[in-house]
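# Structural overview
Here are the chains, one letter per residue:
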Amino acid sequence: MKRFAVHLWLSLLLAGCNGTNSQPVPERLACDPDNGGLTLPEGFCALVVADNIGRARHIVVRDNGDIYVALMRLQNGHGIAALRDTTGDGRADLIAYFGEVPGTGIDIWNGYLYFAPDTALLRYRLIEGALLPQEPPELVAGGLPERRQHAAKTFAFDQAGYVYINIGAPSNACQARDRQRGVPGMDPCPLLERYGGIWRFRADVLGQRQADGTRYATGIRNAVAIAWNPFANALYVVQHGRDQLNTLWPEYFDAEDNANLPAEEFFRVDEGDDFGWPYCYYDPFQNKKVLAPEYGGDGKTVGRCDQFEDPIVAYPAHWAPNDLIFYDGTQFPERYRGGAFIAFHGSWNRAPLPQAGYNVVFQPMNPDGTPAGDWEVFADGFAGTDTIRSTGDARHRPMGLAIGPDGSLYISDSRRGRIWRVLYQGT
């Protein structure tokens, strides 16, 4: 590991990084008149915590209100942003950067800040009162496989000291030549040995490799959205569905089929589960998994797909689920407690039809971890335009979610590095 380096606004270095914790958050904060551009349900409002901090990925909020944001690319030479509000107005007036590499996954567990670049899981020891770590990171798991596609590593902790890491498949549908028209899939798919699933590791053991972990579940193309549900005591993910049905298999699918297939699937993940990628995909109109065309499917044939796990909820195609969190706060009305928030990043694959997603949805859940009703759009307006022809048209793209110590919902943006804080103030 290179020498640990920290970049900080020099004028603020002595003012807050190693001093006292953040001031207590006032009971009522002043939201932005336009909610920072967001549309929210009645009784909710939002303020912009920070802007232009770098291309934000996942986000976590410490018990004292400090915010840590994983960055997609280095900002000021570093891969993690640290934010602190020293005045109690809900806005970050102290912003610092640290870490040598960019990444996606980030969370806090047992006094450490865990961070995942594309090939590893690292942890930084957090010091009481200090915004920034004072020591180099430790390697929890290294040598994790990555290729260009679906390289981001995300993770979740359970209540027994394990960490679950998503290792996405570097492929669309495990073709011998990826994304080539008419090319069949490899059968069995060799990528599933090291990719396309969830691996479980000990969260407190250093120096692990992939072989030291357990392949907890397989047949998951890519699950950037991953979270432990403390109410159901189980792991959940939302999968990115496969692409390009019409361009790869035009004899079976047209542009409209491609824009609406397959569903983005919400899974409860138990040890040993197999969710069927790359052999199958979920058709929300037929309410079943069907055989992928790379494996002899025609859009209707089920074949081997009746042996794999179904989703608990199916969301619209190509919305790109990039984070998942279960609401365990008490600020929001009771109906939200235990429910799931999902950040949909938006995708390119609905073209030539307009793109969709670019929102945060709420999925009501029962205490046993089953869905408790239909999902609903909770936060919208990120894109800043009604018609999105390409991802570049969107002003903001929701990426990461976190719950603050007071029960506020934080949302990060991967386009311009904006952080929102959503509050409930009643009617």
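Residues numbered from 1 in each chain as written. Predicted model: local features only at pLDDT ≥ 70, side-chain atom pairs only at ≥ 80, totals over all residues. Heavy atoms only, no water.

On to the packing of aromatic side chains. Inspection of the entire model under this criterion finds 35 aromatic pairs. Centre to centre, the rings of Trp109 and Phe157 are 5.4 Å apart; their planes meet at 10°, and the pair counts as stacked. You can see Trp109 sitting in strand 7 (residues 105–109) and its partner Phe157 sitting in strand 11 (residues 154–157), a full 48 residues away along the chain. Of the residues examined, Phe157 reaches a relative accessible area of 9% and is grouped as buried. With a centroid separation of 4.6 Å and an interplanar angle of 55°, the aromatic rings of Tyr336 and Phe362 are classed as tilted. A residue pair is termed long-range when its members are at least 10 positions apart, and Tyr336 in the loop between strand 21 (321–326) and strand 22 (340–344) and Phe362 in strand 23 (residues 359–363) qualify at 26 residues. As far as the burial class goes, Tyr336 and Phe362 line up, both buried. An aromatic cluster of at least three residues, connected via ring pairs, comprises Phe44, Tyr327, Phe332, Tyr336, Phe341, Phe362, Phe378 and Tyr424. For Arg123, the ring lying beneath its charged end belongs to Tyr112, and the centroid distance is 3.8 Å. For Arg335, the ring lying beneath its charged end belongs to Tyr336, and the centroid distance is 4.9 Å. (Phe/Tyr/Trp six-rings, centres within 6.5 Å; stacked < 30°, edge-to-face > 60°. Helix = DSSP H or I, 4+ residues; strand = E, 2+ residues; numbered from the N terminus. Buried < 20%, exposed > 50% of the residue type's maximum accessible area, 1.4 Å probe, protein only. Lys NZ or Arg CZ within 6 Å of the ring centre and 35° of its normal.)

Predicted confidence across the protein chain gives a mean pLDDT of 93, with 93% of residues reaching 70 or more. In this model residues 1–26 is a low-confidence stretch, pLDDT under 50, and it forms 63 contacts with partners more than four residues away in sequence or in other chains. (pLDDT = per-residue confidence, 0-100. Contact = heavy atoms within 4.5 Å.)

For the rest of this paragraph, the subject is the sheet that holds strand 24 (residues 376–379). With antiparallel pairing, the four strands of this open sheet are ordered in space as 21-22-23-24. Each edge of the open sheet carries a strand with a single partner, namely strand 21 and strand 24. Between one strand axis and the next, the sheet turns through 30° on average, direction left out of account. In terms of strand pairing, strand 22 meets strand 23 through five bridges, oriented antiparallel. (Pairing = 2+ DSSP bridges. Axes fitted to C-alpha atoms, helices over the stretch in contact; angles between N-to-C directions.)

Time to look at the side chain of Arg84. Looking at the secondary structure, you find Arg84 in strand 5 (residues 78–84). Here Gly129 takes part through its backbone oxygen, which lies 3.4 Å from a polar atom of the side chain of Arg84. (Polar contact = N/O pair within 3.5 Å; in protein donor to acceptor, adjacent residues only side chain to side chain.)

The next subject is the environment of Tyr195. For Tyr195, the position within the fold is in the loop between strand 12 (162–167) and strand 13 (197–202). By relative accessible area, Tyr195 is classed as buried at 8%. It is 15 Å that separates the C-alpha atoms of Tyr195 and Asp212, two residues lying 17 residues apart in sequence. Beyond its immediate stretch of four places on either side in the chain, Tyr195 contacts Pro145, Glu146, Arg147, Ile167, Gly168, Ala169 and Pro170.

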